[in-house]
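Summary of the model geometry
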Amino acid sequence: MEKFIKITSTVVPLPIENVDTDQIIPARFLKATSKEGFGDNLFRDWRYDKDNRPVKSFVLNNPTYKGEILVAGKNFGSGSSREHAAWAIAGYGFKIVVSSFFADIFKNNAMNNFVLPVVVTDDFLAEIFHSVDNNPQTTLTVDLENQRITNNATGKSENFAINAYKKECFLQGFDDIDYLLNKKETIKAYESRRN
C-alpha cells in the first residue's frame, strides 16, 4: 500500500448527520466478494434517481467539489457493520473522512482499508463546512505524523487521535500481514531466545 504521511486536498462536503452504512453502500450491492466496483455505487440511492439518472443536487454529481477528503456530518458510518462501506469510500478515491463522530466498527473498517477517519470537534467541523461554502477550492492538510488537521482557509488546526499500531501501518503503507512480515526478524529473535 502507499505510505500515508501528509495529504493536502480540496474536499467534498457532505453536511448530513447520521449517515449509516446502508446509505453509504445499499444492501443490494453486497453480493460481491471483491472490492472492485464498490466506488461506483457509493451513496448510490442519493447519487441516482430510480431511472438511474444522476441527481444533480447531490454533491458527488457536482463538478465544483472534488478531492481525496470527504467531510461528513456527525455520526458517520452508523448502522450495520458492513466492511463494504469502507470499500466503497476507498474505491471512489477518498483517502480521508472527516467527521465529529464515527461509529466504532466503521472507523476500524475504514482504517483496515487505508481510509483515515479523522475526528474533529463540532466547532471545527462547522468551520470547515463554512470555509467550503465560501470557497469550494478550500483545502485541508492532514498530517498523520503529527496527528494534526489544518483548515488552510483559516489556518486553524486541531489534533486528532489514532491507534498507535494503525498509525504505524499507515505511515509504512502496511496492512496487518505486511506489518507482521516486517517484524519477522524480531519474532525469530524472540523465539530463539525462548528456546
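Residues numbered from 1 in each chain as written. Predicted model: local features only at pLDDT ≥ 70, side-chain atom pairs only at ≥ 80, totals over all residues. Heavy atoms only, no water.

1. Describing the nonpolar core
Judged by nonpolar contacts, the single largest core of 51 residues is most densely connected at Phe43, Phe76, Val98 and Leu116. In terms of residues, this core owes the most to one element, helix H5 (residues 122-134), which gives five residues. Leave out the neighbours within four places in its chain, and Leu116 touches Phe4, Lys95, Ile96, Val97, Val142, Leu144, Phe160, Ile162 and Phe170. (Core = buried A, V, L, I, M, F, W, Y, C linked by side-chain atoms within 4.5 Å. Buried < 20%, exposed > 50% of the residue type's maximum accessible area, 1.4 Å probe, protein only. Helix = DSSP H or I, 4+ residues; strand = E, 2+ residues; numbered from the N terminus. Contact = heavy atoms within 4.5 Å.)

2. Side note on the packing of aromatic side chains
Geometry of an aromatic ring pair is reported as the spacing of the ring centres plus the angle between the planes. One pass over the structure, following the stated rule, counts ten aromatic pairs. Taken together, Phe4, Phe114 and Phe170 form an aromatic cluster joined through their ring pairs. The ring centre of Tyr48 lies 4.2 Å from the NZ or CZ of Arg44, which sits over that ring. (Phe/Tyr/Trp six-rings, centres within 6.5 Å; stacked < 30°, edge-to-face > 60°. Lys NZ or Arg CZ within 6 Å of the ring centre and 35° of its normal.)

3. Examining the packing of helix H3 (residues 84-92) against helix H4 (residues 104-112)
Between H3 and H4, the least distance of the axes is 8 Å, while the angle of their chain directions is 50°. Comparing the axis directions of H3 and H4 gives the class oblique. Like other packed secondary-structure pairs, H3 and H4 cross with a definite hand, here right-handed. Residues Ala85, Ala86 and Ile89 of H3 touch H4, and the partners they reach there are Phe106, Asn109 and Ala110. For the contact of H3 with H4, the residue count by class is five nonpolar, one polar and no charged. (Axes fitted to C-alpha atoms, helices over the stretch in contact; angles between N-to-C directions. Parallel < 35°, antiparallel > 145°, perpendicular 65-115°, else oblique. Left-handed = near helix turned anticlockwise from the far one by under 90°. Nonpolar A, V, L, I, M, F, W, Y, C, P; charged D, E, K, R; others polar.)

4. Points about the sheet that holds strand S3 (residues 69-72)
Across the sheet, which stays open at both edges, the seven strands sit in the order S6-S5-S3-S1-S7-S8-S9 with mixed pairing between neighbours. Each of the sheet's edge strands pairs with one partner strand only, and the pair in question is strand S6 (116-119) and strand S9 (157-159). Between one strand axis and the next, the sheet turns through 25° on average, direction left out of account. In this sheet, S3 lies alongside strand S1 (residues 6-14) in parallel orientation, the contact comprising four bridges. The residue bridging Leu14 from the neighbouring strand is Ala72, located in S3. (Pairing = 2+ DSSP bridges.)

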